[in-house]
Structures are given as structure tokens and as C-alpha cells.
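# Analysis of the macromolecular model
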Amino acid sequence: MSPAPRHGRGRYDVIVVGAGLSGSLVAKELGDKGWRVLVLEAGTGTLDTWPGHLDALDTFYGALAKVPNSPYRPNAAAPSPDVLDLTGLPSGGYRAHGYFVQQGPLPYATDYLRARGGTVLHWLGLTPRMHPEDFRTRRAYGYGRDWPLGYDDLEPHYRAAERALGVAGNAAEQAAAIGLPFPDGYVYPMHEIPRSYVDDVFAARLDGATVREAPGAPGTTLRVVGTPHARNSTPDRRYDGGLGYRPAGAAGLPNYGERCVGNASCVPICPVQAKYTPLKTQAAWDRRRVRLLTHAVVSRVLADGNGRALGVEYQEYEDPATPVATTRTAEADVVVLAAHAVENARLLLVSRLAGHSDQVGRNLMDHPVLLGWGLAGHPVGPFRGPASTAGLESFRTGPARRERAPFRIEISNWGWGWPTGSPGSDVARLLGIGADSAQPRGKGVFGARLRAALGEEIGRQVSVQFLMEQEAEERNRVTVDPRHRDRLGNPRPVITYDLSDRVKRGMAAARTVSGEIFRLLGAEDRTAYAPGPLSPGHFRFEGRGFTFNGAGHGGGTHIMGTSRGTSVVDAWQRCWDHPNLYAVGCGSMPSMGTSNPSLTMAALALRSSERIHRDLTEAHRPAAVGPPGAAPAADGRKEGRA
């Protein structure tokens, strides 16, 4: 075994930039194979202990706005974009402040988190697989970009990711209802998260019903389908040939959080940590091989004149509130950027690397979300966790994809929490407190009347979330501008973003479907889109108003392809221009597909880890000494490695 180098110094086999989902998985895989890995995390690392977790919970409970980043303390040295950075204008349009410099026609309304654990600390926890069609939309439907690999190539890594994250689901239902291929007899590590009562109400009225997304359009048959989760449920004894599965407990308190108990605040933070976070993967790192350094902002990737990455330059700071940093360097045989789609692109641009195709930073994507909300005729029991346990998957595939963006529909368990900020907004309204703090307070109701009014309305709230596939467009991009810098002097991301007419047509179809769903439910449709301070994503299309939200699914920016001339990374997420520089994560995706992307991102990271291991093995293969023509050793790994 090779000795691990001293803290933050020396030469490593691999440097991983970012301790989020992809970075944590890559470090785990390579550390287990005996490689010395240095993980550099720009943010702080207080959440891996139980007291740190409790502090984040208290921060969340005390936050006025319960948004994704609200449990996590601001960090001036490694700032993160926040959904509260955007404000809608009274007559349409938006104003942006915060980390992003936004200059597009529409706002990029998605956020992420720079901290140990990354954005997956506040994710929804849904882990559906992409549909096989999602990998070949250009060939099948004439739009977007095809992936350089297909579903079958990624399928073994999907299974590996489902093990690594601890996925609960029903594979037989996913195959029958969506058409996802699984190996014969495959089951997820854990049984599916039980459906909510809201799901049952939807299923009773919608299963087998047909709706049309436009007059004269073909009918689409609805079916409520359970959604796979990276969230602890009951282990399936049939998993892994009958060996079963042991759920991972909380970081810092391993015997806690082994089952989801239905908390209604698991986005942005699961109180019991039944939801997967990368902190669970990090707890399983081989500490002899994997070293984590937080408070380390990578400012540049270093490369030689032949295009080989040499290492990174990073800024080490102590106090996140008053950032003063010391610049250091670290060297490695392989550098892996796993810092989020936007941060990966920013680093490549600042370092002036991987630029042959002129695609770095371009093709920025998300799953723009359209919301619909209504008031049921009877109580439906909202506000129990998780946020969504089932959806409607019928609009992900089919010929309509030629004309408009496909979408999947999440059934929300949390009433109007996302559309209107309920239940806090309901309480404020009934107390006479309006959205505009400059206006005088109105007449409110109190006591028994207040409780009765809240019970009457909140218990009947239903809502649906339409996640639109967004295709890659070069005009949507991340750039850097030396005039815009953060507190450490690093260029901030400059964002240009818009929605295509294809996406807008998809939203128009979704709005019609939303109305049909509420009609079938017998619910009063309360959906309304109007410009205003809470609607920065408002726009008009073909005479109608719409408001979209960000999904937190940042993608594109170092896009994957088959050619150095048209893409940034190859099918292994390895930069075409730099054979030992990898850029992993959703930034590599040629399309966002019709599923939440985290599971696919994890599968890609595991697949890249295999390639990196082979690269390192080859690089460390001893020189053959012997007679000419002698065969090389079967295993050329460096002596002493596991």
C-alpha cells in the first residue's frame, strides 16, 4: 500500500472537485480500489455530525421562506444561487440579484448548494430511470441531441446506482406502466414507499380515464404510478439473489433514520435522514485512501502545454463570513470536476480548457416546471411526507413528442405549498396580512374561526407539477466576465437563458391536461398565472400567460457526444481535449430526458469511475522487462494496491 500524503499536500492519484453526489460516488469507488483520492469541497462541512444536522434543522424552522437552501447558512467564500435571488416585475419580466449574473430573456430559476453533500442535501429524493427514448430524440423525433450511449449501456450502472443510493420502488410496476426494461426478476433494494391518500384519491378518479391535450388530439389514458425513491423503506428480502439489503442510517447517528416516517419537511431537509444524501456515501469512504478538504475553493485547473491536467489551484479559507484565503495547489494523475453543471463550466472557462468545440458553458438546461392547483370537494389529507409518492407518466413518450416537449407529472402531497406558499400564506391571508408589506394590514380572523377556516381550505388542497423536458440549445449558456467577481475574486457565472417554443407548446398542453385532471377529480381549478413579485418566470405565449419555476435540475454546459468538434466530453465524461480531465454530472447530459436526473447522474458517475480506474491502472502499469515478445502481465496495477 502506498502511504497517503499529508493533509492537502503532495501528489494524489485523483483529485475530485466537489463533495456532492457524483464526487462522493467517484471518490468511494476509486478509494475502494486503492487509489489515493483528494476531495476538495468549496463549502463548509458541518452537516456530517448529528449536532450539525440539528443546527440545520433549527435554521430551517426559523427561516421565514422555506426554500431549498433555507437550512444551510450563507457562505460568502463559496456563494450559492438561491430562488429568492429573483423577483418578478409588475408588468412582466424579472430582476435578479445574488450569485448569478442573469441577462437572458427569461430567468434561470434553478438553484444549487455549495456545501459538503452538495445540492442533493435538499433534493426531492425521486429516482426514476430515464426512458430508452430519451437517449435518442434526434433519431426518433427529429429534435435535440442524441446520447453517445443508450439505455442498455447504462442499465447495469442504473442497478449499481440504485444499490448505492438505496432505492425503494416497484420494478414490475415501472416496467408495466412506463415500459422501462429491467433484467428478469430484478427488484429494487427496498419496497416502494407507500402511496399517500392523495395518490389514492387521484387513482380512484383518473385510472383508465382518457384526456386530450388539445381539441382533436388523440386521447391519452391516465394511470397513477408509484415513483421510485432514494429514501429508506422496508428492505426487500428478494434483493441481490435473496441476500436482501441493509438501509443506511443517519450521518453521525447510524442507527437512526432507517425508515421514512412521513415528515412533511424532507425537502429541503429530512429530520430523520431517511432520505439519501451523499453524506451517507462519505461515511463509507476508506479514510486511509480518501481525504476530504472543505473550505477549499478550486479556482483553476492546471494543465501543461500538451493538454494534460496537472492538478488544481485552490483557495483555502477559514471563516465563511469574512473570506480571506490562502492559495495552494495540489497535483494528481487524474482530475475530476464534480462541482455542478454551472460550476464545472465556470472552472473550465476560467482555466481556458476543453474549448475546441466552443461548447463549454453552452446548452444549459433544466426541467422547467409548470404548476397546477385546485380545491377538492372533500378533504384529501395533504402535507404528509414525502412531497410526492406517485405521478402520471403517460405524457413522457409518443408521437406528440415531435411537436412539443414531453413531460412527467408529479402528484404533490403538500397541497399548495409550492404554488402559493401554503400553509403559511393561508395563515397570513386569514390574519389580514397581504403579500405587499407596504400595504396596510386588513381585517383578520382569529381563534376558533381561524382554525375552522384553515381546516376547511388546507385539507382540500391538491396540486400537480409538470416537469418539461428542455432540449439543448447553444444560446442558453454560462459564461464568465472579469467585471463580475465574488468575494474571493473568482468570476461569477453569467447566465443567458430562455425557453424554446417547443417547451412553451409543452406547457400549453400541460395546462390543458391540468384542467382535465381537476375536472375528473371534481376539484375547483384555482390555477392562475399573472406577473408579479412572486412570478419572475412569467411569460406570454400565443395569447396566454404562463409562469414556470426551476426544478433544480441544472444540466448541459459540458455536453457529451461522439465528436471532439461538437461536444466537450466523450461517453465516459472524459474531456476530448484533455485525456486525464473528467467533467462529471448532469452537465454532461445531451438532453434532460423525462425523468428526474439524479439517478442517471449517479449511474454515469459510477460508469466513469470504471474508466478512471482503467486509466490509472494503465498509467501505473510497470514497464515490461524481459525478452522481446514476452506477454505483459494480466494485471498491471501498481504493486501493493488493493
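Residues numbered from 1 in each chain as written. Predicted model: local features only at pLDDT ≥ 70, side-chain atom pairs only at ≥ 80, totals over all residues. Heavy atoms only, no water.

## Observations regarding the overall build of the protein
- Secondary structure summary: the protein contains 14 helices and 22 strands in total.
- Against the compact-globule benchmark of 26 Å for 642 residues, the protein has a radius of gyration of 24 Å, which places it among compact chains.
- Dimensions along the principal axes, computed over C-alpha positions, put the protein at roughly 90 × 55 × 50 Å.
- For the protein, the residues scored as buried account for 60% of the 642 residues in total. (Helix = DSSP H or I, 4+ residues; strand = E, 2+ residues; numbered from the N terminus. Rg over C-alpha atoms; globule rule 2.2 N^0.38 Å. Buried < 20%, exposed > 50% of the residue type's maximum accessible area, 1.4 Å probe, protein only.)

## A short note on the pairing of strand β20 (residues 538-541)
- Where β20 lies against strand β21 (residues 544-549), four bridges are found, and the strand directions are antiparallel. Considered in β21, the bridge of F539 is made with F546.
- The hairpin formed by β20 and β21 contains two residues between the paired strands, and E542 there has a positive phi angle of roughly 50 degrees. (Pairing = 2+ DSSP bridges.)

## Observations concerning the side chain of Q465
- Along the polypeptide, Q465 turns up in strand β16 (residues 461-468).
- Discounting chain neighbours no more than four positions away, the residues touching Q465 are V369, L370, L371, R408, I409, E410, S412 and W418. (Contact = heavy atoms within 4.5 Å.)

## Looking at the packing of helix α1 (residues 21-32) against helix α14 (residues 598-619)
- Viewed as axis vectors pointing N to C, α1 and α14 meet at an angle of 35 degrees, and their least axial separation amounts to 9 Å. The way α1 lies across α14 gives a crossing that is right-handed. Facing L21, S22, L25, V26, E29 and L30 of α1, the residues of α14 in contact are S598, M601, A602, A605, L606, S609, I612 and H613.
- For the contact of α1 with α14, the residue count by class is nine nonpolar, four polar and one charged. (Axes fitted to C-alpha atoms, helices over the stretch in contact; angles between N-to-C directions. Left-handed = near helix turned anticlockwise from the far one by under 90°. Nonpolar A, V, L, I, M, F, W, Y, C, P; charged D, E, K, R; others polar.)

## A closer look at the environment of H340
- Examined against the element boundaries, H340 turns out to sit in the loop between β12 (325-337) and α9 (341-351).
- Separated by 74 residues in the primary sequence, H340 and W414 have C-alpha atoms spaced 28 Å apart.
- Residue contacts for H340: discarding those within four places in its chain leaves Y112, T119 and G554.
- Separated by 3.0 Å, the side chain of H340 and the backbone nitrogen of V342 make a polar contact. (Polar contact = N/O pair within 3.5 Å; in protein donor to acceptor, adjacent residues only side chain to side chain.)

## Some thoughts on the nonpolar core
- If you look at the biggest cluster of nonpolar residues, it comprises 68 residues, and the most contacted ones within it are L40, L165, L337 and L581.
- At six residues, the largest contribution of residues to this core is made by α14.
- Non-local contacts of L40, meaning those with residues more than four positions away in its chain, are made with I15, V16, V17, G18, L293, A296, V298, V312 and Y314.
- Residues V369, I517, F518 and F546 belong to the second largest nonpolar core, which totals 56 residues. (Core = buried A, V, L, I, M, F, W, Y, C linked by side-chain atoms within 4.5 Å.)

## A few points about the pattern of salt bridges
- Inspection of the entire model under this criterion finds 43 salt bridges.
- For R139, the salt bridge is made with D146, and the minimal N-O distance between the two is 3.0 Å.
- Here R475 and E473 are joined by a salt bridge, their closest N and O atoms 3.2 Å apart.
- Residue E473 is classed as buried on the basis of its relative accessible area, which comes to 17%.
- Taken together, the salt bridges that share partners define one network made up of R129, E155, R159 and E162. (Salt bridge = Lys/Arg side-chain N within 4 Å of Asp/Glu carboxyl O.)

## Some remarks on the packing of aromatic side chains
- Under the defined criterion, the tally for this structure stands at 19 aromatic pairs.
- An angle of 45 degrees between the planes, with centres 6.3 Å apart, marks the rings of F100 and Y108 as tilted. For the pair F100 and Y108, a shared accessibility class is recorded, and that class is buried.
- Ring plane angle 55 degrees and centroid distance 5.9 Å describe the contact between F100 and Y112, whose orientation is recorded as tilted. With a gap of 12 residues between them, F100 in the loop between β4 (94-96) and β5 (101-102) and Y112 in the loop between β5 and α3 (137-141) connect regions that are remote in the sequence.
- For F100, a relative accessible area of 6% gives the class buried.
- Feature note: the residues Y99, F100, Y108, Y112 and Y497 constitute an aromatic cluster, connected by ring pairs.
- Sitting over the ring of Y143, R502 keeps its end group 3.8 Å from the ring centre.
- When the ring centre of W572 is taken as origin, the NZ or CZ atom of R611, which lies over that ring, is 5.8 Å away. (Phe/Tyr/Trp six-rings, centres within 6.5 Å; stacked < 30°, edge-to-face > 60°. Lys NZ or Arg CZ within 6 Å of the ring centre and 35° of its normal.)

## Thoughts on unusual backbone geometry
- Backbone torsion omega between V267 and P268 reads 20 degrees, so that peptide bond is classified as cis.
- As for its placement among the helices and strands, P268 is situated in the loop between α7 (239-242) and α8 (278-283).
- Cis geometry marks the peptide bond from G385 to P386, where omega comes out at -10 degrees.
- Among the structural elements, P386 can be located in the loop between β13 (369-375) and β14 (390-392).

## Focus on the confidence of the model for the protein
- Model confidence for the protein is summarised by a mean pLDDT of 93, while 95% of its residues fall at 70 or above.
- With pLDDT under 50 throughout, residues 1-8 is counted as low confidence; its partners more than four residues away or in other chains account for 22 contacts.
- Confidence drops under a pLDDT of 50 for residues 631-642, and excluding neighbours within four residues, the segment shows 23 contacts in the predicted structure. (pLDDT = per-residue confidence, 0-100.)

## With respect to helix α5 (residues 171-178)
- A171, E173, Q174 and I178 are the residues of α5 that are buried. When α5 is viewed along its axis, its buried side chains cluster within an angular range of 160 degrees and face the same direction. Structural note: α5 exposes A172 and A176 on the side pointing more than 90 degrees away from its buried face.
- On its buried side, α5 packs onto β8 (224-226).
- Downstream of α5 by a residue or two, G179 has a phi angle that is positive, lying close to 90 degrees. (Arc of directions from axis to C-beta.)

## Some remarks on the side chain of D85
- For D85, the location among the structural elements is in the loop between α2 (50-62) and β3 (86-88).
- Although D85 lies buried, it forms no salt bridge, and the closest oppositely charged side chain, R492, sits 8.2 Å away as judged by the N-O distance.
- Looking at D85, its side chain comes within polar contact range of the main-chain nitrogen of D82, at 2.9 Å.
- In this view, D85 contacts S80, R95, A96, H97, G98 and Y99; residues no more than four positions away in its chain are not counted. (Lys, Arg positive; Asp, Glu negative; His and termini not counted.)

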